[in-house]
Protein chains: 2
Amino acid sequence: MWPKSVETSLELREQYSHDWTEDLRFLPDAVALPTTVEELQAVLAYAYAHDIPIVPAGGCTGLSGGMLPVAGGWVVSLQKLNRILTIDSTNLQAIVQAGVITQHLHEAVEALGLFYPPDPSSRGSCTIGGNIAHNAGGVRALKYGTTREYVLGLEAFLPDGRPLRTGSRTLKNATAYNLTQLLVGSEGTLAVIHTATLKLLPKPRYARTLLLGFPEASQALHAAIRLLREGFLPAALEFMEQEAVQYAEAYLGYSPYPEARQCGGLLLIELDGDWLEAIEAHCGEIEALAEKEGALQSWYAQTSAERARLWELRRSIGVAVRSSGPYKEEDTVVPRSALPDLLAFVKALGQRYGFRSVCYGHVGDGNLHVNILREGLSEQAWREEVPRAVAELFQFVVQQGGAISGEHGIGWVQRRYMPIQFSETELALMRALKKAFDPKGLLNPGKIFP
Amino acid sequence: MWPKSVETSLELREQYSHDWTEDLRFLPDAVALPTTVEELQAVLAYAYAHDIPIVPAGGCTGLSGGMLPVAGGWVVSLQKLNRILTIDSTNLQAIVQAGVITQHLHEAVEALGLFYPPDPSSRGSCTIGGNIAHNAGGVRALKYGTTREYVLGLEAFLPDGRPLRTGSRTLKNATAYNLTQLLVGSEGTLAVIHTATLKLLPKPRYARTLLLGFPEASQALHAAIRLLREGFLPAALEFMEQEAVQYAEAYLGYSPYPEARQCGGLLLIELDGDWLEAIEAHCGEIEALAEKEGALQSWYAQTSAERARLWELRRSIGVAVRSSGPYKEEDTVVPRSALPDLLAFVKALGQRYGFRSVCYGHVGDGNLHVNILREGLSEQAWREEVPRAVAELFQFVVQQGGAISGEHGIGWVQRRYMPIQFSETELALMRALKKAFDPKGLLNPGKIFP
């Protein structure tokens, strides 16, 4: 029997034909929007029995095409499974359905004095399930870790609809293989996650934010490396090159910090904690250290409104670049000491291949988002030469001990580069794991593997 | 050709016939002590070609029998692969071989102002490789997490000797399946880990330690739950019941805190950080809160020597119980709000089955070590009835949302209880994962699976 929540209207199919990845579109054959766990299970069981590919979807904000239905089949959206089931203030845990919007969880736990740190830029529309599927990061990963460090247990369905429970409602677990962490970051290729038990923290009482401007981008990177080496551990440590600030300002339509656009590179630093005096003292020490490293500008935000204004600049970059025209976003990550060399490599690559790039990201984590702009590039250059440049970029990243994705995942658009990171043995092993979960290969086909 | 590092002397075989688990002994056919990665690879390739079971071993301090050669074959000790290859102060990382003693790593990184938090009780003899294989915890897991949160990447061999690299030298990684975290906690059943890239932190500048004594054990547990709910996040939050203190004192041969043995339950609390004033203020607030919860005694340690004395009491419990006679150690973990009920359940179970127990552990993590003493129990009671009691205990733990091992692993002695935690589907999935790594089933056979 055709499952209840599956619809085939063209409008709905078009709505679920794309995420935020470039301008890619693939029309699914149908879209399921189950409103209960039982409906979800029925959809999966039916699809499996009829050999229909299934593509799980969250907020459809991915940047690697993880939810694109490239092989047709059904998109199964988890968006209507969007209940926060429990917020447990005693054990500092939340149990939530996969479709909960990340920002809704932030607001719900913060109202109780609690804190869920993972904070991707798309937090207003991305979902916890999508965050788990991609091991989403965000601006607080330096001090607090990425999504995976907050996932204690999962409830999911295997592709055929059989239920799977992983982990427990505990901070520790040494009970057999860590299926929880295998599902985190598996991009919907192993199982369909519907419920997660998440670790929470007490909400830090205070935060202060600094924006530091340096004449050269490389000086900003060196200053970041040095302050971490000296033992500071900011909640956020973000880098923006000059072009990134310019894009953000053009998008915002005003210049919150007119002098900022004169700086070759900027650092946005947030310190948090429960002891205000310590935070303020550390901010002063960081400003002094930055000055020694060449900083010429410094903005210090104490109030929430001032902090929000600094963050608006940083948070606008992604959407500003995205709305400016075709581009490719590479999510490079390296040991942070390699960041100055990585940035120089990107710019030299651009000169060689004839593209401009906008770079920014989570410098504390070594995670540099490299946005390659299409601008005047020919179709041939965009489709053939730029991918060769990206391959060179990823080879450099892997040589530095890095990885080809820090937080966006491999999905559809990065899969061809997988052999740069992994040996034949490693790829074969991952294929065997995939097969253990999904023997028919029906779950999110065409993703991750080259 | 017989691999160079494999020896068959009875003395060596006897030495590697046991770990710290009960009084269990299984004689291996040979012992390999490779001194280079190439020798290790040669041993594995030879054994695989000749269908010889391989049991990887670290410091042989495990409490679930994970290194017992229950099917014969060769024990492959990683102890001679014991070099700290790199300590990278800029990126806050260390690259170490599997055989490095955990305490040696602590000392090496602390000399540089850095910090490797995982701190199992056996730190003086356990190895990093063994810690990774079991996802070892220890007293700092509440604030800092268990071993898995410090493992960024691994180098390992598949059972047939093919090399496997996982992860990267970065804090973040969203590049395909997380093989690193699948190997962490896999108890040497999937691959033989020889090198690990570990995350380090800046060493906290200050620490202060408190011992709080309560008339009743349950009061100590309730106080711990409350102080965490109020937002305190100690580096350590340890519980000891009266019997545990008495065992420790008997083992030490003196009473460091004579009043402590009068308390039904004690909490050992350590706060650390970079701002002494905050730590001292929080210690005061915690003492006041404990008093409201019924604490009658409080000892406050400021100097390293005083702190060491408090910790000696706690750290002696395990070895004190172990040296007192036959016992079984159950490594229960529950959401911490369930701890008072868990302790009551254990004691009621003991009354029903006629055993005494000594309980202590990492109360902040909900991890209670339940030591069931054999004392006068008959062979039949010890071999048949006590396992039924353990099954009841684990059923209770799982009903509470907990797990049957918090940090010791499943190994040999807990495998029969796996169906209490996992469904047939989940066990079958784990077996399929095992098969993807080890199609011949030669690596650490007889472990984890019931």
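Structural data are supplied above this passage.
The structure presented is a predicted model; accordingly, all values stated were derived computationally and were not measured.

1. Looking at the pairing of strand E6 (residues 93-97) of chain A
Residues in a regular strand project their side chains so that they alternate between the two faces of the sheet. Residue and element names in this part refer to chain A. Within E6, five of the five residues are buried, leaving the element largely enclosed by the surrounding structure. Of the two faces of E6, both are covered, the one formed by Gln-93, Ile-95 and Gln-97 as well as the one formed by Ala-94 and Val-96. Bridge count for strand E5 (residues 84-88) against E6 is four bridges, and the pairing is antiparallel. Across the sheet, residue Ile-87 finds its bridge partner in E6, namely Ala-94. The loop that links E5 with its antiparallel partner E6 comprises four residues; one of these, Leu-92, has a positive phi angle of about 55°. As paired strands, E6 and strand E10 (residues 192-199) are joined by five bridges and run antiparallel to one another. Bridge pairing in E10 places Gln-93 opposite Lys-199.

2. Overview of unusual backbone geometry
Its identity as a non-glycine residue notwithstanding, Asn135(A) has a phi of 50°, on the positive side. Look at Asn135(A) and you get buried, because its relative accessible area is 4%. We note that Ile448(B) has phi near 70°; this positive angle belongs to a residue other than glycine. Topologically, Ile448(B) is positioned in the segment after helix H14 (424-437).

3. Observations concerning the environment of Val6(A)
All names here are of chain A. By the element assignment, Val-6 lies in strand E1 (residues 6-7). Owing to a relative accessible area of 6%, Val-6 belongs among the buried residues under this scheme. For the pair Val-6 and Leu-33, spaced 27 residues apart in the sequence, the C-alpha separation amounts to 6.6 Å.

4. Quick look at the sheet that holds strand E4 (residues 74-77) of chain B
Residues and elements named next belong to chain B. With mixed pairing, the four strands of this open sheet are ordered in space as E1-E2-E4-E3. Looking at the sheet topology across the chains shown, the edges are occupied by strand E1 (6-7) and strand E3 (54-57). Across two bridges, E1 lies against strand E2 (residues 30-32) in antiparallel orientation. Across the sheet, the residue bridging to Glu-7 is Val-31, located in E2. Contacts from helix H2 (residues 37-49) reach E1, E2, E3 and E4, with the element oriented near 160° to E4.

5. What about empty space enclosed by the protein?
All names here are of chain A. Throughout the structure, instances matching the rule amount to nine cavities of 30 Å³ or more. Of the voids in this model, the second largest cavity is the one considered here, and its volume is about 270 Å³. Along the walls of the second largest cavity sit 24 residues, with Leu-152, Gly-167, Asn-173, Asn-178 and Thr-180 positioned nearest its centre. Secondary-structure elements contributing two or more residues to the lining of the second largest cavity are strand E8 (151-157), strand E9 (163-167) and helix H6 (179-183). Here the residues of the lining of the second largest cavity sort into nine nonpolar, twelve polar and three charged.

6. Re the sheet that holds E9(A)
All names here are of chain A. One open sheet holds the five strands; their spatial order is E5-E6-E10-E8-E9, and the pairing between them is antiparallel. Every other strand in the sheet has two partners, leaving E5 and E9 as the edge strands with one partner each. With strand direction ignored, the average angle separating the axes of adjacent strands in the sheet is 10°. On the sheet, helix H3 (residues 102-110) packs against E5, E6 and E10 and is oriented at approximately 35° with respect to E5.

7. What about the pattern of salt bridges?
For the structure shown, the criterion picks out 51 salt bridges over all chains. Here Glu230(B) makes a salt bridge to Arg226(B), at a shortest N to O gap of 3.3 Å. By relative accessible area, Glu230(B) is classed as partly exposed at 44%. If you follow the salt bridges from partner to partner, you end up with Asp119(A), Arg123(A), Arg140(A) and Arg315(A) in one network.

8. Some words on the interface of chain B and chain A
Taken together, the 83 residues of chain B in the interface contact 84 residues of chain A. Between chain B and chain A, roughly 6800 Å² of surface is buried when both sides are summed, and carbon and sulfur atoms account for 61% of that area. Summed over the three residues of chain B that lose the most area to chain A, namely Lys172(B), Tyr177(B) and Trp275(B), the buried surface amounts to 14% of that side. Between the two partners, chain B and chain A, sit four salt bridges. Between Glu407(B) and Lys172(A) there is a salt bridge; the shortest N-O distance is 2.8 Å. At the boundary of chain B and chain A, one finds 22 residue pairs in polar contact (both at pLDDT 80 or more). Of the residues forming the side of chain B that touches chain A, the biggest block, nine residues, is contributed by H14(B). Of the residues in the side of chain B that touches chain A, the class split is 36 nonpolar, 32 polar and 15 charged.

About the thresholds
- Residues numbered from 1 in each chain as written.
- Chains lettered and ligands numbered in written order.
- Predicted model: local features only at pLDDT ≥ 70, side-chain atom pairs only at ≥ 80, totals over all residues.
- Heavy atoms only, no water.
- Buried < 20%, exposed > 50% of the residue type's maximum accessible area, 1.4 Å probe, protein only.
- Helix = DSSP H or I, 4+ residues; strand = E, 2+ residues; numbered from the N terminus.
- Pairing = 2+ DSSP bridges.
- Contact = heavy atoms within 4.5 Å.
- Axes fitted to C-alpha atoms, helices over the stretch in contact; angles between N-to-C directions.
- 1 Å grid on protein atoms, 1.4 Å probe; cavity = no way out; pocket = protein on both sides within 12 Å on 5 of 7 lines; lining within 4 Å.
- Points joined across faces, edges and corners; volume = space filled by probe spheres on them.
- Nonpolar A, V, L, I, M, F, W, Y, C, P; charged D, E, K, R; others polar.
- Salt bridge = Lys/Arg side-chain N within 4 Å of Asp/Glu carboxyl O.
- Buried area = accessible area lost by both parts, 1.4 Å probe.
- Polar contact = N/O pair within 3.5 Å; in protein donor to acceptor, adjacent residues only side chain to side chain.

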